[in-house]
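Chains, contacts and geometry: an overview
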Amino acid sequence: VQPWKAAVYHVFDRPGEQGGKKRNPTIGFAVRTTDARYIEWRSGWELDGRIVAREFYRYSPERPDEVVNEEALPELAGRVAEHAKLLRANPAFRQQ
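A short tour of the structure in this document, coming up.

Calculation notes
Here, residues in each chain are numbered from 1, in the same order as that chain's written sequence. Local features are withheld for residues below a pLDDT of 70 in this predicted model, meaning they are given only at 70 or higher, and side-chain atom pairs are given and counted only at 80 or more; totals for whole chains, interfaces and linings count all residues. Computation of side-chain values covers all heavy atoms of the structure but excludes hydrogens and water. In this text, helices come from DSSP runs of H or I with a minimum length of four residues, and strands from runs of E with a minimum of two, each type numbered from the N-terminal end. Under the scheme applied here, a residue whose accessible area is under 20% of the maximum for its type counts as buried, over 50% as exposed, and between as partly exposed, the area being computed with a 1.4 Å probe on protein chains only. Surface accessibility follows the Shrake-Rupley procedure with a 1.4 Å probe radius. Residue values consider only the protein chains on display as shielding. What makes two strands pair is DSSP finding at least two bridges between them. Under this scheme, a helix contributes an axis fitted over its contacting stretch, all axes are lines through C-alpha atoms, and angles between N-to-C directions fall in the 0 to 180 degree range. Between two residues, a contact is recorded if the distance between any of their heavy atoms is within 4.5 Å. Each nonpolar core is a collection of buried residues, namely Ala, Val, Leu, Ile, Met, Phe, Trp, Tyr and Cys, held together in the definition by side-chain atoms within 4.5 Å. Any N or O atom pair separated by 3.5 Å or less is treated as a polar contact, with the protein-specific requirement of one donor-capable and one acceptor-capable atom, and with residues adjacent in sequence counted only for side-chain atom pairs.

With respect to the overall build of the protein
A tally of regular secondary structure across the protein gives one helix and four strands. Helices and strands appear in the protein in the N-to-C order β-β-β-β-α. Counting only residues that meet the buried cut, the protein has 31% of its 96 residues in that class. Here the protein has roughly 6,300 Å² of accessible surface; of this, 51% comes from carbon and sulfur atoms.

Quick look at the structure:
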């Protein structure tokens, strides 16, 4: 994340398993801040697809990698919600 940016956004897919073709893919919509990354996995290519999973990772010098998904920790619910709101604030990711 550049100092002049609050966050960066990215989208990536995981193809479905039917015959090795990209049918029913799961799409990851993510937001990355200086100290965390939040991902919503949705079914299909539509932004309003059903959420099938969520991930939240915090970064620090002691923990530079995404090893433990902390999305379900009650003490981080506020941080997760902030990142989810930040994700939806990006015009490209707004649900129709």
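A look at the sheet that holds strand β2 (residues 26-32)
If you trace the four strands from one edge of the open sheet to the other, you get β1-β2-β3-β4, paired in antiparallel fashion. Taken across any chain shown, the strands that pair with only one partner, and hence form the sheet edges, are β1 (8-14) and β4 (51-58). Neighbour-to-neighbour, the strand axes of the sheet open up by a mean angle of 15 degrees, direction not taken into account. Pairing of β2 with strand β3 (residues 36-43), which is carried by seven bridges, proceeds in the antiparallel orientation. Of the residues in β3, the one forming a bridge with threonine 26 is serine 43. Where helix α1 (residues 77-89) meets the sheet, it contacts β1, β2, β3 and β4, and its direction lies at approximately 65 degrees from that of β3.

Considerations on the nonpolar core
Among the nonpolar cores identified, the biggest contains 11 residues, and these are Ala7, Ile27, Phe29, Val31, Ala36, Tyr38, Phe56, Leu76, Val80, Ala84 and Leu87. At the level of secondary structure, the elements contributing two or more residues to this core comprise β2, β3 and α1.

Description of the side chain of arginine 37
Tracing the sequence through the fold places arginine 37 in strand β3. There is a polar contact of 2.5 Å between the side chain of arginine 37 and the side chain of glutamate 66. Setting aside residues up to four positions removed in sequence, arginine 37 forms contacts with His10, Phe12, Ala30, Val31, Arg32, Glu55, Phe56, Tyr57, Tyr59 and Glu66.

Here's the deal with the environment of alanine 53
By the secondary structure assignment, alanine 53 is in strand β4. Judged by relative accessible area, alanine 53 falls into the partly exposed class, the value being 31%. For the pair alanine 53 and isoleucine 39, spaced 14 residues apart in sequence, the C-alpha separation works out to 8.2 Å. With near-sequence residues (within four places) excluded, alanine 53 lies in contact with Ile39, Glu40 and Trp41.

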